[in-house]
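The lines below spell out each chain.
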Amino acid sequence: MAAKIIKLVGVLFSVLAVLACGCGKHSGRKGEIQTDFSAAFTAEYRGLSLKGNMLSTRQGVCVIDLEQPETLGGLGFHYKDNVLEISRDGIKATADEAYLPGEGFPSLLHEALQKASAGDYTPAQEEHSYSLSLQAGEGLLTVDGSGFPKRLAADSADCAVSFTMTAEGEK
């Protein structure tokens, strides 16, 4: 009887040790795309030069704030729980993502990061590059050695975005 209790206690402690060591940590295998970050970006989208800042999280939150061109400066896009909130000068409007065109710049950027976060990509021929199947067509996401996005290109949508990381997101 004592032997059975000792075995049971041993098994219990083994399970607890495995859970304590393995849970709650996002180790991030080498080459994995990191989608928790803050970045400044520059973009060419359908002949328009854009500049701004963004925040992305693995939980699906994506905040895009445009600075340039001046006519769009202050325009903000905030994605959360499949709802897009667009704001400028204190005026806000919301829309369900399902009703938005997938080829718009904010939608394209958000979709690419969501697919990357979900692991819905395939390695491309270039090192640190991944193919993404987007509503607007094929996209190519290039990351740095740590897995943070450096460039997103979607030729069929006439879009190219370059990222400059400003801070890692929450982990």
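These numbers come from a predicted model, not from an experiment.

Asker: Quick question: what am I supposed to make of the overall build of the chain here?
Answerer: Along the chain, the regular secondary structure elements total 2 helices and 11 strands. Helices (α) and strands (β) of the chain occur, in sequence order from the N terminus, as α-β-β-β-β-β-β-α-β-β-β-β-β. When burial is assessed residue by residue, the chain has 35% of its 171 residues classed as buried. Taking the intrachain contacts of the chain between residues at least 6 apart in sequence as the baseline, contacts between residues at least 24 apart amount to 35%.

Asker: Help me understand helix 2 (residues 105-118) in this model?
Answerer: In an α-helix, one full turn covers 3.6 residues, which means residues spaced three or four apart are oriented alike. When the terminal C-alpha atoms of helix 2 are compared, their 20 Å separation across 14 residues agrees well with the 20 Å that a helix rising 1.5 Å per residue should span. Of all 14 residues in helix 2, 10 are buried; the element is thus mostly enclosed. Turning to helix 2, its buried residues number three or more, namely Phe105, Pro106, Ser107, Leu108, Leu109, His110, Glu111, Ala112, Leu113 and Ala116.

Asker: Sorry, what's going on with the pairing of strand 1 (residues 37-45) here?
Answerer: Sheet analysis places strand 1 next to strand 2 (residues 48-56), joined by 9 bridges and oriented antiparallel. By the bridge assignment for strand 2, Ser38 is matched with Leu55. The turn joining strand 1 and strand 2, which pair antiparallel and follow one another in sequence, is formed by 2 residues; a positive phi near 50° is taken by Arg46.

Asker: Would you mind showing me how to read the nonpolar core here?
Answerer: In summary, soluble globular proteins display a tendency toward joint burial of nonpolar side chains. Within the largest apolar cluster, 35 residues are counted, with the highest numbers of intra-cluster contacts made by Phe41, Met54, Ile64, Phe105, Leu152, Val161 and Phe163. Setting aside anything within four residues of it in sequence, one finds Met54 in contact with Phe37, Ser38, Ala39, Phe41, Cys62, Val63, Ile64, Leu109, Leu113 and Phe163.

Asker: In this structure, what is going on with the pairing of strand 3 (residues 62-68)? I would like to understand it.
Answerer: Sheet faces and side chains relate simply in a regular strand, where the side chains alternate between the two faces. In terms of strand pairing, strand 2 meets strand 3 through 6 bridges, oriented antiparallel. Along strand 3, the bridge assignment pairs Ser56 with Cys62. Joining the antiparallel neighbours strand 2 and strand 3 is a turn of 5 residues, in which Gly60 adopts a positive phi near 95°. Pairing analysis gives 4 bridges linking strand 3 to strand 4 (residues 76-80), with the strands arranged antiparallel. Directly across from Cys62, in strand 4, lies its bridge partner Tyr79.

Asker: Any chance you could explain the confidence of the model for the chain here in plain terms?
Answerer: Segments scoring low in pLDDT should not have their predicted coordinates read at a detailed level. The predicted model of the chain has a mean per-residue pLDDT of 81, with 80% of residues at 70 or higher. Note on residues 4-31: pLDDT is under 50 here. Beyond four places in sequence and across chains, it has 6 contacts.

Asker: What is the right way to look at the pattern of salt bridges in this model?
Answerer: Side chains that carry opposite charge are capable of pairing whenever their charged atoms lie near each other. Under the counting rule described, the total for this entry stands at 2 salt bridges. Between Asp36 and Arg58 there is a salt bridge; the shortest N-O distance is 2.9 Å. Of the two residues, Asp36 sits in the loop between helix 1 (2-22) and strand 1 while Arg58 sits in the loop between strand 2 and strand 3, which places them 22 residues apart along the sequence. Close ionic contact of Asp120 with Lys115 constitutes a salt bridge, the shortest N to O distance being 3.4 Å. Given the relative accessible area of 43%, Asp120 is considered partly exposed.

Asker: Help me out: how do you make sense of the environment of Tyr45 in this one?
Answerer: Relative to the helices and strands, Tyr45 resides in strand 1. Judged by relative accessible area, Tyr45 falls into the buried class, the value being 11%. Along the sequence, Tyr45 and Ala157 sit 112 residues apart, while their C-alpha atoms lie 7.7 Å from each other.

Asker: For this particular structure, what's the right way to read unusual backbone geometry?
Answerer: For residues besides glycine, phi is generally negative; the peptide bonds are generally trans as well. With an omega of 10°, the peptide bond between Gln68 and Pro69 qualifies as cis. Mapped onto the elements, Pro69 comes out in the loop between strand 3 and strand 4. Phi is positive for Asp89, which is not a glycine, with a value near 50°. Along the chain, the position of Asp89 falls in the loop between strand 5 (83-88) and strand 6 (91-96). Not every positive phi belongs to a glycine, and Asp158 is a case in point at roughly 50°. Counting through the fold element by element, Asp158 comes out in the loop between strand 10 (149-154) and strand 11 (159-168). A relative accessible area of 47% places Asp158 in the partly exposed class.

What counts, and where the lines are drawn
- Residues numbered from 1 in each chain as written.
- Predicted model: local features only at pLDDT ≥ 70, side-chain atom pairs only at ≥ 80, totals over all residues.
- Heavy atoms only, no water.
- Helix = DSSP H or I, 4+ residues; strand = E, 2+ residues; numbered from the N terminus.
- Buried < 20%, exposed > 50% of the residue type's maximum accessible area, 1.4 Å probe, protein only.
- Contact = heavy atoms within 4.5 Å.
- Expected span 1.5 Å × (residues − 1).
- Pairing = 2+ DSSP bridges.
- Core = buried A, V, L, I, M, F, W, Y, C linked by side-chain atoms within 4.5 Å.
- pLDDT = per-residue confidence, 0-100.
- Salt bridge = Lys/Arg side-chain N within 4 Å of Asp/Glu carboxyl O.

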